[in-house]
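Fold and contact review
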Amino acid sequence: MSEEERGSTLIRNELVEVRSGAYHDSVTLMRAGRRLAERPGVTAALTAMATTLNVDLLAEMGFTPPDGTRPDDLLVAIRADDADALEAARVTVDELLSTRSAPRAFGVPAPPRTTGSAARRIDATVALVSVPGPYAFAEAMDALDAGLNVMVFSDNVPIEHELELKETAARRGLLVMGPDCGTAVVGGVGLGFANVVRPGPIGLVAASGTGAQQVMSLLDEAGAGVSHVLGVGGRDLSAEISGRSTLQALRALDADPATELIVVVSKPPAPEVGDLIRAAARRLATPVRFGLLGEGGDDLTKVVEDALETIGVPVPPWPSWLPSRRVHPPRPGPLRGLFAGGTLCEEAALIAGSTPNEMTDLGDDRYTRGRAHPMIDPTLRLERLAAETTGGDAAVVLIDVVLGHGSEPDPAAALVPVIQEAKVPVVVSLCGTSGDPQGRDRQAEALAAAGAAVYASNAAATRHAVSLAEGS
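Described in the following lines is the structure provided in the data block. (Residues numbered from 1 in each chain as written. Predicted model: local features only at pLDDT ≥ 70, side-chain atom pairs only at ≥ 80, totals over all residues. Heavy atoms only, no water.)

1. Comments concerning the overall build of the protein chain
Let me state the cut-off plainly: Segments assigned H or I by DSSP are reported as helices when at least four residues long, segments assigned E as strands when at least two residues long, and all are numbered from the N terminus. We compute the radius of gyration from the C-alpha atoms alone; for a globule the expected value is 2.2 Å times N to the 0.38, where N is the number of residues. In what follows, a contact means two residues having at least one pair of non-hydrogen atoms within 4.5 Å. Exposure was quantified through the Shrake-Rupley algorithm and a 1.4 Å probe, taking into account, for residues, occlusion by the shown protein chains and nothing else. Note on charges: Lys and Arg go in the positive column, Asp and Glu in the negative column, and His and the chain ends are not counted at all. Lysine's charge is taken at NZ, arginine's at CZ, aspartate's at CG and glutamate's at CD.
Counting its regular elements, the protein chain contains 16 helices and 19 strands. In summary, the protein chain has a C-alpha radius of gyration of 24 Å against a globular reference of 23 Å for 472 residues, a match within 12%. Intrachain contacts of the protein chain at a sequence separation of at least 6 include 72% that bridge at least 24 residues. Surface exposure of the protein chain reaches about 21000 Å², of which carbon and sulfur atoms provide 52%. Distance between charge centroids for the protein chain: 1 Å, based on 41 positive and 61 negative side chains.

2. Focus: the nonpolar core
General note: in soluble globular proteins, nonpolar side chains tend to be found buried as a group. For clarity, the threshold we go by: Side-chain atoms within 4.5 Å are what join buried Ala, Val, Leu, Ile, Met, Phe, Trp, Tyr and Cys residues into a set we call a nonpolar core. A 1.4 Å probe rolled over the protein chains alone gives each residue an accessible area, and that area as a share of the maximum for its type sets the label: buried under 20%, exposed over 50%, partly exposed in between.
By size, the foremost hydrophobic cluster in this structure holds 28 residues, and its most contacted members are Ile399, Val401, Leu415, Val428, Leu430, Leu447 and Val454. Among all residues touching Ile399, those that are not within four sequence positions of it are Leu338, Arg381, Leu385, Leu415, Val427, Val428 and Ser429.

3. Brief notes about unusual backbone geometry
A cis amide bond links Gly178 with the next residue in sequence, Pro179, at an omega value of 5°. Positive phi values are uncommon outside glycine, yet Asp180 reaches one of about 60°. Turning to its location among the elements, Asp180 is positioned in the loop between β7 (176–177) and β8 (183–186). What makes Asp180 partly exposed here is its relative accessible area of 45%. Unusually for a residue other than glycine, Ser242 sits at a positive phi of about 60°.

Given below as structure tokens:
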């Protein structure tokens, strides 16, 4: 690509480049950006498509956004300590983004260009849609038209689109999981962020991604396992959507002979929708245990314990990994929570109650604008953790680490140096299973060796953090 095609702007030790028509997917660009930022001498880097959000992010990083960009242009922005570091980074980004697919062999059919055409080639039952939110409706409707159930991983999908998709699915006897559905397990196959769990008799319906991961991980620890985990999207139990996918998922699990108990996990629903779902559950042949977070309600660990007792499985002691010595003596003061999982954050806030606390969900849309989710890219959380544990007023910091497919491959490697430098206690809620690719026990042992108190139960982690914040 020539300099003219690139549209480069060079100022002292800073490059902003526009590459017209050079599309790369968001995961590739996120990884390239991280590799650039890790290079010696590079102080800031961004590789992203020139959407409005990313152009705004470029400006927030102190770069001058170029005029006339379009969403299908690629932005490359680098700031370095000197000209040599800048040039080396520029060469690196070319290498990172130069990989091309191997040419198609003669006689091999061209790949399908639409969801519907892909569905006609294979015996599929589920389509996973992961495109920018404004475009998800067309792909999801195409899948429904092809007779497929749909998991919509995309976020920022307009609620009117969600409503139309779910009404269409209900008329056709299909299920829409999502939008913003990050976790599902269907027929033993994990979709999105999913833990490696054993098969078992409990089916989950979850309007909560990390809530589902916490429940399935604890069930796996107890040896119970799951039949299916059907995510329905965080807005499904809102007044606007009225539980359309939850009702469909309940019917599907009730018809599944492998499911002996259904557990419904959600943040607090709209009151009238909660009543609607409970009434529907009473009409099923399969018993239903609700785990709807709220004031005075059970935490997710208690929900799991009740489910285990219902199916006759003993409740085990939930694992914890504590440092060999107390690194920092407790002192009364505020509790700070820095979470990647929204439901884990909300559960912690409910348990902390009147103890002075500030819980932040760094996976919320306002923190992921132009960034990958913190379960994939920990950069923002590491910065906040370092600031809170070395220069803030917090008496204790509580974080979650969520393992499984789709999540960061080795979160402890990045967290350990920060925890070792911490001047206040750090408590970790570790959500995962022994079968997860990161190795739950290896992650826990590394975090505990660095000085953190680690708990497999988010509720137990929060209660320990609260006790430290109260000076116990």
